[in-house]
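Here are the chains, one letter per residue:
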Amino acid sequence: MASIVLRGVDKIYAGGVKAVNGLDLEIKDGEFMVLVGPSGCGKSTALRMIAGLEDISGGEIHIGDKVVNHLPPKDRDIAMVFQNYALYPHMTVEENLAFGLKLRKMPKAEIQRRVVEAANMLGLEGYLKRKPAALSGGQRQRVAMGRAIVREPRAFLMDEPLSNLDAKLRVSMRASLNQLHERLGVTTVYVTHDQVEAMTLGDRVCVLKDGVLQQVDTPQNLFDRPVNLFVAGFMGSPAMNFVTADLVRDGIAFANYRLPIPASTFTDKPGLGDYIGRKLIVGVRPSDFEDARSANGHNEGWARIPVRVSVTEELGSEINVLFTIDAPPVMHKDALALAQDAAGDEADGSLPLGGGKSLWTARVNSRSQVRPNQDLELVVDTHNLHFFDPESGLAIGHPANVRG
Ligand SMILES: Nc1ncnc2c1ncn2[C@@H]1O[C@H](COP(=O)(O)OP(=O)(O)OP(=O)(O)O)[C@@H](O)[C@H]1O
Ligand SMILES: [Mg+2]
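The structure presented is a predicted model; accordingly, all values stated were derived computationally and were not measured.

**What to know about the domain arrangement of the protein**
Okay, so step 1: Here the protein is described as being made up of domain 1 (4-224) and domain 2 (232-401).
Okay, so step 2: Centre-to-centre, using C-alpha coordinates, domain 1 lies 36 Å away from domain 2.
Okay, so step 3: In this assembly, 16 residues from domain 1 lie in contact with eleven residues from domain 2.
Okay, so step 4: Of the roughly 990 Å² buried where domain 1 meets domain 2, counting both sides, 64% is carbon and sulfur surface.
Okay, so step 5: Broken down residue by residue, the surface that domain 1 buries against domain 2 is led by Q195, K209 and F223, which jointly contribute 49%.
Okay, so step 6: Joining domain 1 to domain 2, the criterion identifies one salt bridge.
Okay, so step 7: Here D334 and K209 are joined by a salt bridge, their closest N and O atoms 3.1 Å apart.
Okay, so step 8: One can count three residue pairs in polar contact (both at pLDDT 80 or more) joining domain 1 with domain 2.

**Examining empty space enclosed by the protein**
Okay, so step 1: In this structure the tally under the stated criterion is two cavities of 30 Å³ or more.
Okay, so step 2: Considering only enclosed or pocket space, the largest cavity measures out at about 100 Å³ in volume.
Okay, so step 3: Lining the largest cavity we find D224, R225, P226, K269, H386, F387, F388, A395, I396, G397 and H398.
Okay, so step 4: In terms of residue count, strand β20 (residues 386-388) provides more of the lining of the largest cavity than any other element does, three residues in total.
Okay, so step 5: By residue class, the composition of the lining of the largest cavity is five nonpolar, three polar and three charged.

**Things to note about the nonpolar core**
Okay, so step 1: With 56 residues, the main nonpolar core has V207, M235 and F242 as its most contacted residues.
Okay, so step 2: Both domains that meet at this core, namely domain 1 (4-224) and domain 2 (232-401), each give it at least three residues.
Okay, so step 3: Here F242 is in contact with L229, A232, G233, I281, V282, G283, V330, L338, W360 and F388, once residues within four sequence places are set aside.
Okay, so step 4: Counting 33 residues, the second largest nonpolar core, distinct from the first, contains V243, F289, A303 and V307.

The rules behind these values
Residues numbered from 1 in each chain as written. Chains lettered and ligands numbered in written order. Predicted model: local features only at pLDDT ≥ 70, side-chain atom pairs only at ≥ 80, totals over all residues. Heavy atoms only, no water. Domains from an automatic or database assignment. Contact = heavy atoms within 4.5 Å. Buried area = accessible area lost by both parts, 1.4 Å probe. Salt bridge = Lys/Arg side-chain N within 4 Å of Asp/Glu carboxyl O. Polar contact = N/O pair within 3.5 Å; in protein donor to acceptor, adjacent residues only side chain to side chain. 1 Å grid on protein atoms, 1.4 Å probe; cavity = no way out; pocket = protein on both sides within 12 Å on 5 of 7 lines; lining within 4 Å. Points joined across faces, edges and corners; volume = space filled by probe spheres on them. Helix = DSSP H or I, 4+ residues; strand = E, 2+ residues; numbered from the N terminus. Nonpolar A, V, L, I, M, F, W, Y, C, P; charged D, E, K, R; others polar. Core = buried A, V, L, I, M, F, W, Y, C linked by side-chain atoms within 4.5 Å. Buried < 20%, exposed > 50% of the residue type's maximum accessible area, 1.4 Å probe, protein only.

In structure tokens, the structure reads:
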């Protein structure tokens, strides 16, 4: 096993695209690191540079205690798993698993040991004599993982390995991957554009945008303390709601609402006071709302905001309540980029919005009897509001953004 360290790594493709820009990243020995970000942000490029499949244009990559900049892939002792895993169709599962080891002229008994062990780990014992055509998508994907595991590499590099599977299978494969990592403890770098996958798999998650690292942190910290507007809007589903608001001494005002802010917020977020009398961007997570009726008392001090419900999405344990507020969408470039990315993903930006309105989402308890076109009183936990500078998009008071 090994740590993987990137120092100032650049990738400029022929033609001038700067796909990765000064990437600094330390992946600890045994850590599960996820690289996440929208399409084209440089995730695969970063991974392929670690693998040695792509030259690096600048900087240094270390695996273990060695600089590997000029080491060919086969000498880096890492195993890759891709989205489009190609199994050999004429070979059985067993032969597929053993193939790479045979090429390396490994002794038969050792090959057998590794194949059996990987098959057990992946629940493939019953399929060893089958050919890939007779396997389900999930089973094939497991064979692809198995081929990486039998090599017993120092690190796994995985590029969207689950994205060809249907949603249900992805969830169960995610659980298998978690177990696998727990058992093997092998350093893993895992690329996905799916932030849910990133949150559930990563010990830490590295968020990239346009080839530039935005934040590396635990899933919980990314969610609770995003460093900027982009990370705030990218991580979390449904996405964080944003609005441009006026900050006054004890609260914020936007649309026809005025929310009090707890005094502690100003001490928690150094520099926030400087924005009094000015505009800033406020972010509210859908999960920080509740239906005032089902909040029954223990949410005292939460601010109330009356809304008119547009749409409800019932998820069983929770309900997503979509409503509009009388404030124009935030025009910061990151907010616009996020909106575009989300529309590409789900294509649910189809609610007609009149000028000067924004669509917000609140996630409330399923006990709420809320229906579309009703008036609803929501409460919002004002302790968890997020504040961003309207020019830079940086989170106000975040330790990484507070100078000196
Ligand atoms: N071989 C190449 N030559 C030129 N440009 C490339 C090449 N490969 C990738 N790029 C560009 O580099 C940027 C990063 O691409 P990359 O494949 O790393 O993105 P990604 O984050 O993996 O995206 P996705 O989520 O769509 O897989 C993109 O702008 C892409 O068009
Ligand atoms: Mg990619």
